[in-house]
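# Breakdown of the fold
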Amino acid sequence: MPDNVLWIVTDDQMRSTLRSMDRTWRRLVRKGVHFRRGYSAMPLCGPARASILTSRYPHNHGCDTNMTHQPFVAQGHDRDTAATRMKEAGYDTGYFGKYMNGLAEQPAYVAPGWDRWVTLLDGMIDNPRVNVDGTVRRVASQREFDRVAARRLRRFIRRHQDDGPWFAVYSPTAPHGPYTPSAEHADDFDGVPWDPPAFNEADMSDKPTWLRALPPQDRRRMRQIYEGKLEELQDVDDQIGRVLDVLRRTGQLKRTWIFFVSDNGYLLGEHRLLSKSQPYEEAAGIPFVVRGPGVEPRAVDALVSQVDLMPTTLEIADLDPDTGRELDGRSMLEPLRSGDWSSWRRRLIIENTNLDWSLLREGSHAYLEHHGTGEWELYDLERDPHQLASLRDADVSDWARRTGQLSGTQGLALRRLEQ
């Protein structure tokens, strides 16, 4: 029987918080491949999710604000996603969790390719609306929705105990604010310290002009947000543990590929910034883990992106990822199985087409280009992992050329430029 595929996509999770999730660490990270250099295609929820579903970079899908659903559908992107292709290949499919912002304007919408559809319509309010297979319902809270979505996923898995294959997404709203962990975990990280090296960076002279006048962030508030994220992630950790239990009990764990990522990271006062959307490691970097049949556990430094999920999933289903449309991402399947990443991409683009910046990662370096102002930053992350001192005297002409090429191409042409 063909292998199943499960994507777990958290919301606003920093790379550094993955270690706080004990079950996930023991049962996914230690049992699979942990990518220390995983990146968001664009560190903003909606555009990142569009990239995940289509394997298109933002400069190719054109959805550059957080109200993503309407432009995504208007351009027909929802008719060619990982779901539509897996469905055509004979997989049963299910989406359980947060989808894209803007669904509330089309509450009965069910995206093509999904057999089961449990999605949140309204976030961050009491009694939010939920779409269950085209029918609108209410739940008590955003956090209750995460539990409902996980229960529906477990039911979906149990129903496929003796048949299959299936492809599913579990996308909790945590650890996105407001921070309302369960009573069980509400005090797990009380008083946790927060003092990263780049917090309220003192010397901002190497940063772009608009950043230099930013006031310092309030340490107490940043610490409280960090505490809230860690505590909410314990609830996610519990749900992942229950999903893995169901997979094991039904005999499906050994034939299920599990991908764990976030839509974006999060800045909590580093470089005086709060939230996401910016080209720094804390926002652009994401947790990225893959567990699957025949995969030897290891940690690797290969540059991977959210756009790689779709082509890898399609190849697991024995499909040619580029049939009908060349994808921007590349399949990880062969190196995941062999452990040999020597032929993998050498450089990776991350971008924000709304704020008009591009980030190029290559080797130990990160080149940041702010197109509107012509300003740039270059960091050696081995020597300066917290991006405190841009290499201002460097000749960046080659970096600028490669960045421009990658930001203007798609599909196979883009992948060739990565080598």
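In what follows, the structure referred to is the one given above.
Nothing here was measured: the structure is a model prediction, and the numbers come from that model. (Residues numbered from 1 in each chain as written. Predicted model: local features only at pLDDT ≥ 70, side-chain atom pairs only at ≥ 80, totals over all residues. Heavy atoms only, no water.)

The next point concerns helix α2 (residues 45-54). The periodicity of an α-helix, 3.6 residues per turn, causes residues three or four positions apart to be oriented the same way. Summarising burial for α2: 10 of the 10 residues are buried, a large majority. Once α2 finishes, S55 follows within two positions and takes phi at roughly 55°, a positive value. (Buried < 20%, exposed > 50% of the residue type's maximum accessible area, 1.4 Å probe, protein only. Helix = DSSP H or I, 4+ residues; strand = E, 2+ residues; numbered from the N terminus.)

Looking now at the layout of surface pockets. A volume near 540 Å³ is recorded for the largest pocket. Residue lining of the largest pocket: 23 residues in total, with R15, E281, E282, P385 and H386 positioned closest to the centre. Looking at the lining of the largest pocket, the elements that each hand over two or more residues are β2 (33-39) and α9 (281-284). Of all the elements, β2 adds the most residues to the lining of the largest pocket, at three residues. Class assignment for the residues of the lining of the largest pocket results in 10 nonpolar, four polar and nine charged. Put simply, the second largest pocket is a space of about 300 Å³. (1 Å grid on protein atoms, 1.4 Å probe; cavity = no way out; pocket = protein on both sides within 12 Å on 5 of 7 lines; lining within 4 Å. Points joined across faces, edges and corners; volume = space filled by probe spheres on them. Nonpolar A, V, L, I, M, F, W, Y, C, P; charged D, E, K, R; others polar.)

Under the definition given, this model contains one cavity of 30 Å³ or more. The volume enclosed by the largest cavity comes to roughly 80 Å³. As for the largest cavity, its lining consists of W7, V9, R49, I52, L53, Y95, Y99, V169 and S171. Of all the elements in the fold, those that place two or more residues in the lining of the largest cavity are β1 (4-10), α2 and β7 (166-171). Per-element accounting of the lining of the largest cavity gives the leading share, three residues, to α2. The residue makeup of the lining of the largest cavity, split by class, is seven nonpolar, one polar and one charged.

One way to put it is that helix α1 (residues 22-29) packs onto helix α8 (residues 219-249) with a least axis distance of 8 Å and a crossing angle of 40°. As summarised for this structure, α1 and α8 are arranged oblique, according to the angle between their axes. Relative to α8, the crossing made by α1 is left-handed. Two secondary-structure elements touch here, α1 through D22, R23, T24, R27 and L28 and α8 through D237, D238, I240, G241, L244, D245 and R248. Looking at side-chain class alone, the contact of α1 with α8 contains three nonpolar, two polar and seven charged residues. (Axes fitted to C-alpha atoms, helices over the stretch in contact; angles between N-to-C directions. Parallel < 35°, antiparallel > 145°, perpendicular 65-115°, else oblique. Left-handed = near helix turned anticlockwise from the far one by under 90°. Contact = heavy atoms within 4.5 Å.)

Evaluation of the coordinates by the stated rule reveals 14 aromatic pairs. Ring geometry for Y95 versus W114: centroids 5.2 Å apart, planes at 80°, classification edge-to-face. Of the two residues, Y95 sits in strand β3 (residues 92-97) while W114 sits in the loop between β3 and β4 (116-120), which places them 19 residues apart along the sequence. Residue classification places Y95 among the buried positions, given a relative accessible area of 5%. Through successive ring pairs, a cluster of aromatic residues spans W7, Y95, Y99, Y109, W114, W117 and F167. It is R15 that lies over the ring of Y39; its NZ or CZ is 4.8 Å from the centre. If you follow R392 out to its NZ or CZ, it ends over the ring of W376, 4.4 Å from the centre. (Phe/Tyr/Trp six-rings, centres within 6.5 Å; stacked < 30°, edge-to-face > 60°. Lys NZ or Arg CZ within 6 Å of the ring centre and 35° of its normal.)

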